Amino acid sequence: MSPPTNEISEISDLPQHLQLENRLEKLYINPNSSTNQQLIDEDARKAENQLEKHQRFLRMAKVTSLRSKDPNTQVGCVIVDKENCIVSVGYNGFPIGVDDDVFRWDKEDPEDNKHLYVVHAEMNAIINKRCATLHDCTVYVTLFPCNKCAQMLIQSRVKKVYFLEDRDELPFRASKKMLEHAKLPYEQIVMPRGKYVIEC
Ligand SMILES: O=c1ccn([C@H]2C[C@H](O)[C@@H](COP(=O)(O)O)O2)c(=O)[nH]1
Ligand SMILES: [Zn+2]
């Protein structure tokens, strides 16, 4: 529907680039109106609630990581379904029956180091799942997944990965390349200080 006649003469007198600008201004929604402010406030509240939910699950992943016997890096992973129910947890550790006292946790000897034995937290969480499928689940992990874990998460068809810490090392760079190509989104969450304080 064309604008009223008197507007046509005003708008058509303007240079082309101003004509669009003029029309856009007429569509401009005033954020200061009470209705729009309420919409903006509601969006802000929803975003805050979402962030708090991610922080809660990442705090659980951090608590899970405390069970790891890796003296250098403890990793925890929590997987939740579409209803935000926890369906699995995992931490980095040696396989069942592989004795922590026999196998070494150090990493100096290329022929005998922990990386040859340790099961990653994400892998343990995938294996430990108490549901038929991880399809569309959300993964919370304290350390960004390596390339091998990224493969398993992609194959498990999880929906998104939230993480606390990242590393600029080849396995993690390769992981990002795969996740982005597979369109599996990931997001780093910042925890305010004190969020790990667990009242026992
Ligand atoms: O995706 C990952 C990557 C690493 N981990 C675990 C494996 C190891 O136990 C530590 C890393 O040890 P560094 O001494 O920092 O190399 O993290 C994991 O669980 N998931
Ligand atoms: Zn891994």
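Residues numbered from 1 in each chain as written. Chains lettered and ligands numbered in written order. Predicted model: local features only at pLDDT ≥ 70, side-chain atom pairs only at ≥ 80, totals over all residues. Heavy atoms only, no water.

In the nomenclature of an unreviewed UniProt entry, the protein chain corresponds to Probable deoxycytidylate deaminase from the organism Caenorhabditis briggsae. For the protein chain, the Catalytic activity (unreviewed entry) comment in UniProt is given as "dCMP + H2O + H(+) = dUMP + NH4(+)". (UniProt positions renumbered as here; feature names shortened; annotations may be inferred.)

Trainee: Even after reading the chapter, I still don't get the UniProt feature "domain: CMP/dCMP-type deaminase" (unreviewed entry) in the protein chain, so can you show me in this structure?
Mentor: UniProt records the feature "domain: CMP/dCMP-type deaminase" (unreviewed entry) for residues 52-186 in the present numbering. A helix fraction of 31% and a strand fraction of 18% characterise residues 52-186, whose end C-alpha atoms lie 17 Å from each other. (Helix = DSSP H or I, 4+ residues; strand = E, 2+ residues; numbered from the N terminus.)

Trainee: Mind showing me how you'd approach the coordination of the zinc ion (ligand 2) here?
Mentor: Reference geometry at the metal: tetrahedral coordination by four donors gives ideal angles of 109.5 degrees; octahedral coordination by six donors gives 90 or 180 degrees. At 2.1 to 2.2 Å from the zinc ion (ligand 2) lie its protein donor atoms, namely His120 (ND1), Cys146 (SG) and Cys149 (SG). For the zinc ion (ligand 2), the 4 donor atoms in the first shell make angles of 102 to 121° at the metal, a pattern classed as tetrahedral. Look at where the donors of the zinc ion (ligand 2) fall in the sequence and you get H-x25-C-x2-C. For the pair shown, Cys146 and Cys149 are each scored as buried. (Donors = N, O, S within 2.8 Å, 3.2 Å for Na, K, Ca; no water. Tetrahedral: all angles 85-135°; square planar, octahedral: opposite > 155°, others 65-115°. Buried < 20%, exposed > 50% of the residue type's maximum accessible area, 1.4 Å probe, protein only.)

Trainee: Would you mind going over the nonpolar core with me for this structure?
Mentor: Soluble globular proteins tend to pack their nonpolar side chains together in the buried interior. Counting residues in hydrophobic clusters, the biggest one holds 23 residues, and the most contacted among them are Cys77, Ile79, Leu134, Val139 and Leu153. Residue assignment for this core shows that the elements contributing at least two residues are β1 (76-80), α4 (121-127), β3 (138-143), α5 (147-155), β4 (160-165) and α6 (170-181). Setting aside residues up to four positions removed in sequence, Cys77 forms contacts with Ala61, Thr64, Ser88, Val89, Gly90, Ala121, Glu122, Ala125, Val139, Tyr140 and Val141. (Core = buried A, V, L, I, M, F, W, Y, C linked by side-chain atoms within 4.5 Å. Contact = heavy atoms within 4.5 Å.)

Trainee: Hey, could you run me through the sheet that holds strand β5 (residues 186-188) in this one?
Mentor: Strands belonging to one sheet form pairs held by backbone hydrogen bonds; the direction of such a pair is parallel or antiparallel. In space, the 5 strands of this open sheet follow the order β2-β1-β3-β4-β5, with mixed pairing throughout. Sheet topology places β2 (86-91) and β5 at the edges, where each strand pairs with a single neighbour. For this sheet, the mean angle separating the axes of adjacent strands, direction not counted, is 15°. Its contacts with the sheet put helix α3 (residues 34-65) on β1, β2, β3 and β4, and the angle it makes with β1 is roughly 135°. (Pairing = 2+ DSSP bridges. Axes fitted to C-alpha atoms, helices over the stretch in contact; angles between N-to-C directions.)

Trainee: Looking at this model, I keep getting lost on the site of ligand 1. Mind explaining?
Mentor: Surveying the vicinity of ligand 1 reveals 16 residues, the closest of which are Asp70, Asn72, Thr73, Lys107 and Lys114. For ligand 1, an oxygen atom lies 2.9 Å from a polar atom in the side chain of Asn92. Between Cys146 and ligand 1, the recorded distance is 2.8 Å, taken from a backbone N or O atom to an oxygen atom. Here ligand 1 has 460 Å² of accessible area as a free molecule, and 95% of this is covered by the chains. Taken together, the residues that form the shell around ligand 1 break down as 6 nonpolar, 5 polar and 5 charged. (Near = heavy atom within 4 Å. Polar contact = N/O pair within 3.5 Å; in protein donor to acceptor, adjacent residues only side chain to side chain. Areas by Shrake-Rupley, 256 points an atom, 1.4 Å probe, with all protein chains shown as cover. Nonpolar A, V, L, I, M, F, W, Y, C, P; charged D, E, K, R; others polar.)

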